[in-house]
Amino acid sequence: MRRYDFHLLRANSRSLPVIALFVFFTHTPRAQDDPLKQCQAAAAAKLETAVQICSDAIMHASLAPAALADAYLSRGTAYDTKKDYEKAIADFHEVVRLQPKSAVAYYALAQVAMEQSNSTEAIQRYSDALRANPKFVPALTDRGLAYLSKGDSDHALEDFTQAIRIGPEYIPAYMNRASVYARRNDLSLALRDYDRILQINPSYLPGILARANTRAAAKQYDDAIYDLDDAIRLQTGNAGIWARQSDIYAEKGDYAHAIRDLNAALRLQPSNATLLSARGYSETYIGDYTSAERDLTAALASKKDEAYFTLWIFLAQRKAGKPGIDDLKKNAASVKMDAWPASVLRFYLGELPSDAVLEAANNGDALKSVGQHCEAYFYLGEDALLRGKPDEAAKLFQQSISTGLSAYVEYRGAMAELDRMKAFHN
């Protein structure tokens, strides 16, 4: 099982809201433009009355064509905020009618298309915006995101790179390009972009977190922890950052520091099942089975159908010298038994042989298959260890580790067991 899926900050799906661009690309209002200024302010503030205020401005007889276009743009933005896309599109088309070379209007149409998951239309509209203004950096960056949504990372990289050439301090372009590099496992290129982001803005939290994740993926654990120390200084009250740092310590094999950081996270969110279970796993790694059972049982209380919590409670109990089988039967009754890792539960319950567990770990998705085998070998190894067969257990733990999935709790469990076995023999 993957250690965490914490919601760390990532690059936004859209570079800038339409109204923010509008501020930069329109004329400066004059005194007689009061209805327009009221419309712009209402749309920018996302007021419920924005549509009506902007409609009043549109009906104002004294508005010049440029000001009228601005009013339609603001009303379209208000409609977009309300997710009334048909009316938003109609207003943005009015802007195009009044100002055929309005890059912002085409950009607004592209943004609506993206909100409607129409990336093909969005790419066309972003391209229209760029024909009107070839140096429109947000349009380049967001067209890259539209290409990404179609699975076209090559064109996305071209757009992000061009956006950086034109706007060398435009952070969203770097963030998105680095994300593509990281997905391609070009970690050095991703880190280069994150380094540049943090030269531009050393306190940019999404960049700090993204670089930490990439450094961890490159197994640069100390550097990743250094980044997360900075992130914690910026947001001490963010439990997710404490948990992410704990996760990196755990991947490094430093479970004492992992537990310390989870203690900090749990002071902020004491009932969080993911945090409780994470601490329970690390407590199992260091042999504190009583604490592990306590934390995992608390986690299971809020997620009664979580098979992994059930499995680890059983392991903690067995390692503490308890039978565990009665609790396993009771807890397994709430688990859906038609999907992985139900086969492991059934094995521990005595309903399946070990070869059936390995067979069930096979999956048509190659990545899932590797992950499930990482888990299967670990759980079978724990069973062998509990049956007093350390040599068999060691081989199974080695097979779990050979998958290379160091972010899995089972991989880390196998590492901890082998270290314990080695220390015992020495």
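This text goes with the structure placed above it.
Structure report, in brief.

What counts and what doesn't
- Residues numbered from 1 in each chain as written.
- Predicted model: local features only at pLDDT ≥ 70, side-chain atom pairs only at ≥ 80, totals over all residues.
- Heavy atoms only, no water.
- Phe/Tyr/Trp six-rings, centres within 6.5 Å; stacked < 30°, edge-to-face > 60°.
- Helix = DSSP H or I, 4+ residues; strand = E, 2+ residues; numbered from the N terminus.
- Buried < 20%, exposed > 50% of the residue type's maximum accessible area, 1.4 Å probe, protein only.
- Expected span 1.5 Å × (residues − 1).
- Arc of directions from axis to C-beta.
- Axes fitted to C-alpha atoms, helices over the stretch in contact; angles between N-to-C directions.
- Parallel < 35°, antiparallel > 145°, perpendicular 65-115°, else oblique.
- Left-handed = near helix turned anticlockwise from the far one by under 90°.
- Contact = heavy atoms within 4.5 Å.
- 1 Å grid on protein atoms, 1.4 Å probe; cavity = no way out; pocket = protein on both sides within 12 Å on 5 of 7 lines; lining within 4 Å.
- Points joined across faces, edges and corners; volume = space filled by probe spheres on them.
- Core = buried A, V, L, I, M, F, W, Y, C linked by side-chain atoms within 4.5 Å.
- Salt bridge = Lys/Arg side-chain N within 4 Å of Asp/Glu carboxyl O.

### Notes on the packing of aromatic side chains
Then, number 1: Taken as a whole and assessed by the stated rule, the structure comprises 11 aromatic pairs.
Then, number 2: A centroid spacing of 4.7 Å and a plane angle of 50° characterise the contact between Y255 and Y285, whose relative ring orientation is tilted. You can see Y255 sitting in helix α15 (residues 255-268) and its partner Y285 sitting in helix α16 (residues 273-285), a full 30 residues away along the chain. An identical accessibility class is assigned to Y255 and Y285; each is buried.
Then, number 3: When the centroid spacing of 6.1 Å and the interplanar angle of 80° are considered together, the rings of Y285 and W312 count as edge-to-face. With a gap of 27 residues between them, Y285 in helix α16 and W312 in helix α18 (residues 307-319) connect regions that are remote in the sequence.
Then, number 4: Y285 sits in the buried class, given a relative accessible area of 4%.
Then, number 5: What links up through ring pairs into an aromatic cluster is the set Y255, Y281, Y285, W312, F314, F347, Y348, F378, Y379 and F397.

### Some words on helix α23 (residues 390-401)
Then, number 1: Helix length check: α23 (12 residues) gives 16 Å between terminal C-alpha atoms against 16 Å at 1.5 Å per residue, within 8%.
Then, number 2: Burial in α23 covers these residues: A393, L396, F397, S400 and I401. The arc that holds the buried residues of α23, viewed along the axis, is 145°, so those residues lie on one side. Facing away from the buried surface of α23 by more than 90 degrees, the exposed residues are D391 and K395.

### Describing unusual backbone geometry
Then, number 1: Residue P341 follows W340 across a cis peptide bond; omega there is 5°.
Then, number 2: For P341, the location among the structural elements is in the loop between α19 (325-332) and α20 (342-348).
Then, number 3: Its identity as a non-glycine residue notwithstanding, K83 has a phi of 60°, on the positive side.
Then, number 4: Considering the arrangement of structural elements, one finds K83 in the loop between α4 (65-81) and α5 (85-98).
Then, number 5: Here the phi dihedral of S117 falls at roughly 60°; this positive angle occurs in a residue that is not glycine.
Then, number 6: Considering the arrangement of structural elements, one finds S117 in the loop between α6 (103-115) and α7 (119-132).

### Some points on the packing of helix α8 (residues 137-149) against helix α9 (residues 153-166)
Then, number 1: Close contact between α8 and α9 brings their axes to 7 Å; oriented N to C, the two are set at 165°. Taken together, the axes of α8 and α9 lie roughly antiparallel to each other. The two elements α8 and α9 meet at a crossing, and its hand is left-handed. Listed contacts from α9 to V137, L140, T141, R143, G144, L145, Y147 and L148 of α8 are S153, H155, A156, D159, F160, Q162, A163 and I166.

### A closer look at empty space enclosed by the protein
Then, number 1: Scanning all chains against the criterion turns up 1 cavity of 30 Å³ or more.
Then, number 2: One number sums up the size of the largest cavity: a volume of about 40 Å³.
Then, number 3: Lining of the largest cavity is provided by T284, Y285, W312, F378, E382, G413, A416, E417 and R420.
Then, number 4: At the level of secondary structure, the elements contributing two or more residues to the lining of the largest cavity comprise α16, α22 (366-386) and α24 (409-425).

### A short note on the nonpolar core
Then, number 1: Residues Y281, L311, W312, Y348 and Y379 are the most contacted members of the largest nonpolar core, which totals 71 residues.
Then, number 2: Setting aside chain neighbours within four positions, we find Y379 in contact with Y308, L311, W312, L315, V344, Y348 and E410.

### Observations concerning the environment of T274
Then, number 1: Along the polypeptide, T274 turns up in helix α16.
Then, number 2: Since its relative accessible area comes to 31%, T274 is described here as partly exposed.
Then, number 3: When the C-alpha positions of T274 and K303 are compared, they lie 9.6 Å apart, and in sequence the two are 29 residues distant.

### Describing the pattern of salt bridges
A side chain of one charge can pair with a side chain of the opposite charge when the charged atoms of the two come close.
Then, number 1: Within this structure, the stated rule accounts for 32 salt bridges.
Then, number 2: In this structure, K319 and E417 form a salt bridge, with 2.6 Å as the shortest nitrogen-oxygen distance. Of the two residues, K319 sits in helix α18 while E417 sits in helix α24, which places them 98 residues apart along the sequence.
Then, number 3: Classification of K319 by relative accessible area gives buried; the value is 19%.
Then, number 4: Given the relative accessible area of 3%, E417 is considered buried.
Then, number 5: A cluster of three or more residues bridged by salt bridges with shared partners is formed by E121, R125, D128 and R131.

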